[in-house]
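# Survey of secondary and tertiary structure
Spelled out from the first residue to the last, the chains are:
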Amino acid sequence: MTAPVLPRARGPVSDAVLRRLTGSARFLPATASLGGCAPYGDDLQLALYVLYELHYRGFQGVPDALEWDPDLLRLRAGLEGRFLSALRDDTPCGGSAQDALMELMAEPSGGRGSASHFLLHRGELWQLREYAALRSLYHLKEADPQLWVVPRLIGRAKAGMVAVEYDEFGAGRSERIHARLYADLMTDLRLSTHYGAYLDTAPPAMLTLVTMMSLFGLHRARRGSLVGHFAAVEVASSPASARLADALRRCDAGPAAQRFYDEHVEADAVHEQLVRHEVVAGLLADEPELEDDVVFGIRATGLLEDRLTAHLTHAWSTGRSALLPAPNDQAG
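Heads up: these notes are all about the structure in this document.

Okay, the overall build of the protein next. On a plain count of helices and strands, the protein comes out with 13 helices and zero strands. At 19 Å, the protein has a C-alpha radius of gyration in line with the 20 Å of a compact globule built from 332 residues. Burial status across the protein gives 55% buried among its 332 residues. Taking contacts inside the protein between residues at least 6 apart in sequence as the whole, the part at least 24 apart equals 81%. Measuring between centres, the 33 positive side-chain charges of the protein sit 4 Å from its 43 negative side-chain charges.

Structural data, given as structure tokens:
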């Protein structure tokens, strides 16, 4: 398994993290100095993304032992605090988990302004390629961040979560692992399938979605939020996947590209029921005090998806790329 290369720094905090990982610097910023670091900004989000990746595949040239380096973990906790505080301030609270899920089913955060609607009705092949490149930061490790929650669940919630994850990981067939299907999609779109290949091109609106998953998944205290996030993904996935599959067909993107989203139309319709009636309901039957956390996870996911949608549709509506400039024009 080839680990990705380290990205370019986007500010003093991410630069300090990258220099520490390569052994070219010893000291990291003090937690107290992070107050001016924008919680949704490039610098904080890239630093957090890189620190989380130490728990996944790591990076070329970075010692595995740094995964548990206490100084890096201390800095990560400070960055997480900034990010989580902003999410809590910006995410609507109140209501039940079922209310929040019903809001998703009505697609209030997607609607006609969603990226999938844009790509279905107006999207061109270059825009579909950009969308695929950005989403690869998650889809090439699809379901991995959510798997962290399994040891923290019991009973119905655990059984339902494992059932959904079993499908995500190919139901015992490696060629059907969803991350593998996404790599096939990228091949049809003439994109690099290397893990992390498009990190340098990803705007912070994309990074926030991926870091949120790891933030929720890696902390037992955030298990309710992770379940809410996962429910939000599964409930919203099937209709959006249908639109994306049709957009890819319209642009003649290739059979493997269409297959990924066609697979999700059917699979996620089933997963939605499992997540709603077994994972969410099972968790709240055992731990009803976590309902506010579940609601937070659902709505925080919608909030960050809305931010990404705004970035993508604003750029595309004006004929501009939604990607950051890259050294070698990977997605162009």
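The next point concerns unusual backbone geometry. In the Ramachandran plot, Ala143 falls in the positive-phi region, its phi being about 80° despite a non-glycine side chain. In this fold, Ala143 is placed in the loop between helix H6 (125-139) and helix H7 (144-147). Judged by its relative accessible area of 0%, Ala143 is buried. Not every positive phi belongs to a glycine, and Ala171 is a case in point at roughly 50°. By the secondary structure assignment, Ala171 is in the loop between helix H8 (155-168) and helix H9 (178-188). Taking the relative accessible area as the measure of exposure, Ala171 reaches 33% and is therefore partly exposed.

With 105 residues, the main nonpolar core has Leu79, Phe83, Leu185 and Tyr261 as its most contacted residues. With residues near it in sequence (within four places) discarded, Phe83 still touches Pro39, Tyr40, Leu44, Gln45, Leu48, Thr208, Thr211, Met212, Leu215 and Leu304.

Tallying each qualifying case throughout the model produces six aromatic pairs. Considering the side-chain rings of Phe216 and Phe296, the 5.9 Å spacing of their centres and the 65° angle between planes classify their relative orientation as edge-to-face. A residue pair is termed long-range when its members are at least 10 positions apart, and Phe216 in helix H10 (residues 204-218) and Phe296 in helix H13 (residues 291-317) qualify at 80 residues. For Phe216, a relative accessible area of 1% translates into the label buried.

Within the secondary structure layout, Val280 lies in helix H12 (residues 255-286). Val280 sits in the buried class, given a relative accessible area of 1%. A C-alpha to C-alpha distance of 9.0 Å links Val280 and Glu291, two positions eleven residues apart in sequence. Beyond its immediate sequence surroundings of up to four residues, Val280 is in contact with Ala97, Val227, Ala231, Val275 and Val294.

Thresholds, definitions, all that
Residues numbered from 1 in each chain as written. Predicted model: local features only at pLDDT ≥ 70, side-chain atom pairs only at ≥ 80, totals over all residues. Heavy atoms only, no water. Helix = DSSP H or I, 4+ residues; strand = E, 2+ residues; numbered from the N terminus. Rg over C-alpha atoms; globule rule 2.2 N^0.38 Å. Buried < 20%, exposed > 50% of the residue type's maximum accessible area, 1.4 Å probe, protein only. Contact = heavy atoms within 4.5 Å. Lys, Arg positive; Asp, Glu negative; His and termini not counted. Charge placed at Lys NZ, Arg CZ, Asp CG, Glu CD. Core = buried A, V, L, I, M, F, W, Y, C linked by side-chain atoms within 4.5 Å. Phe/Tyr/Trp six-rings, centres within 6.5 Å; stacked < 30°, edge-to-face > 60°.

In short, shape yes, function no, at least from these values alone.
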